[in-house]
Amino acid sequence: MTILVVEKNEATLKAVEEMIRADLPDAKILSFTDSPKALAAARKERIDVAYLDAKLPNIDGLLLGRYLKELYPMVNLIMMTKEKDVAFEAMELRASGCILLPPGEEDVAGELRELRYPPEKESKRVFVQTFGNFELFADGVPILFKYSKTKEIVAVLINNKGVQTTNGEIIACLWEDDGDPKVKTSYLSNLRQDLQNTLSDLGLTDIIIKQRGSMSIAKDKVECDLYEWLEKKKRSRYQYLGDYMNQFSWAEFVHAELDEISYAEEE
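What counts as what
- Residues numbered from 1 in each chain as written.
- Predicted model: local features only at pLDDT ≥ 70, side-chain atom pairs only at ≥ 80, totals over all residues.
- Heavy atoms only, no water.
- pLDDT = per-residue confidence, 0-100.
- Helix = DSSP H or I, 4+ residues; strand = E, 2+ residues; numbered from the N terminus.
- Patch = residues over 30% accessible without salt bridge, like charges linked within 9 Å, V, L, I, M, F, W, Y side chains within 5 Å.
- Areas by Shrake-Rupley, 256 points an atom, 1.4 Å probe, with all protein chains shown as cover.
- Salt bridge = Lys/Arg side-chain N within 4 Å of Asp/Glu carboxyl O.
- Lys, Arg positive; Asp, Glu negative; His and termini not counted.
- Charge placed at Lys NZ, Arg CZ, Asp CG, Glu CD.
- Buried < 20%, exposed > 50% of the residue type's maximum accessible area, 1.4 Å probe, protein only.
- Phe/Tyr/Trp six-rings, centres within 6.5 Å; stacked < 30°, edge-to-face > 60°.

Caption draft 1: View of the confidence of the model for the protein chain. Averaged over every residue, the pLDDT of the protein chain is 90; residues scoring 70 or more account for 97%. Of all the helices and strands in the protein chain, helix α4 (residues 86–92) carries the lowest mean pLDDT, 70, while helix α6 (residues 148–159) carries the highest, 97.

What follows is the structure in structure tokens.
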């Protein structure tokens, strides 16, 4: 997503840019105090969202918004103003939103969540649900493995948040202290093969990073409620309500950590 920010006050410009980056760290942000330079940049690169000071010198924000609409009819214009009557003119422009200056973090982030024209983005094929019971989905459908413990392996990797997890650590989670170690090692080989075969059939082998004697989840290849909540907290689409991987006793350690984080957020 490419976001244009045009604000005559440099301190406010930097503040808005920081607020956007806190909510969308991967967004490309083009910042200007000069409206003609901003328009020149917009003519070279498609703009998805534009935060515009309504009272800019040279080309004011409302006129700049009209020019941007001519270039990109689906651009999301968010007008920034100290004057409430500007909101009516913004409506005539079919703006996505309007915020009063000086802006607050929730004002800036809230507009990003309620865009009139949400930009198209490449969605990740795999969604991981950890809040409540653990589940793994591919294209919206639960992934079915030959063995139930194969799915538990993925749960262990998700719980470890991208850290390489050894075979011994996986065995300790799946069976704790029960059974013959040699039998469990042999069984783990079958589970790893089941994991490989199932993901290969779905074209999803890239979500697991394998090294000799260990594995990890490729965090950038999956959408996960846990990962987004840890990053964005109250701004996340997913909210932690006190339940985490309910099927697995070994998840209790992270469960306790999430409780502590949640309590701290509420204070």
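Following the structure, the description resumes.
Caption draft 2: Broad picture of a negative patch on the surface. Taken together, the side chains of D60, E83, D85, E89 and E92 define an acidic patch exposed on the protein surface. Inspection of the secondary structure assignment puts D60 in the loop between β3 (49–53) and α3 (61–71). Residue D60 is classed as partly exposed on the basis of its relative accessible area, which comes to 33%.

Caption draft 3: Quick look at the pattern of salt bridges. If you walk through the whole model with that rule in mind, you get 14 salt bridges. With a closest N to O distance of 2.9 Å, D23 and R235 form a salt bridge. Residue D23 is located in helix α1 (residues 10–23), and its partner R235 is located in the loop between α9 (225–232) and α10 (252–266); the two are separated by 212 residues in the primary sequence. Linked through salt bridges whose partners overlap, the residues forming this network are D23, E105 and R235.

Caption draft 4: A look at the packing of aromatic side chains. In this structure the tally under the stated criterion is nine aromatic pairs. Between F131 and W229 the ring centres are 6.2 Å apart and the planes differ by 85 degrees, which places this aromatic pair in the edge-to-face class. In this pair, F131 is assigned in the loop between β6 (126–129) and β7 (135–138) and W229 in helix α9, connecting sequence segments 98 residues apart. Between W229 and Y240, the ring centres sit 5.4 Å apart and the planes meet at 45 degrees, which makes this aromatic pair tilted. Taken together, the positions of W229 in helix α9 and Y240 in the loop between α9 and α10 put the pair 11 residues apart, joining distant regions of the chain. Taking the relative accessible area as the measure of exposure, W229 reaches 3% and is therefore buried.

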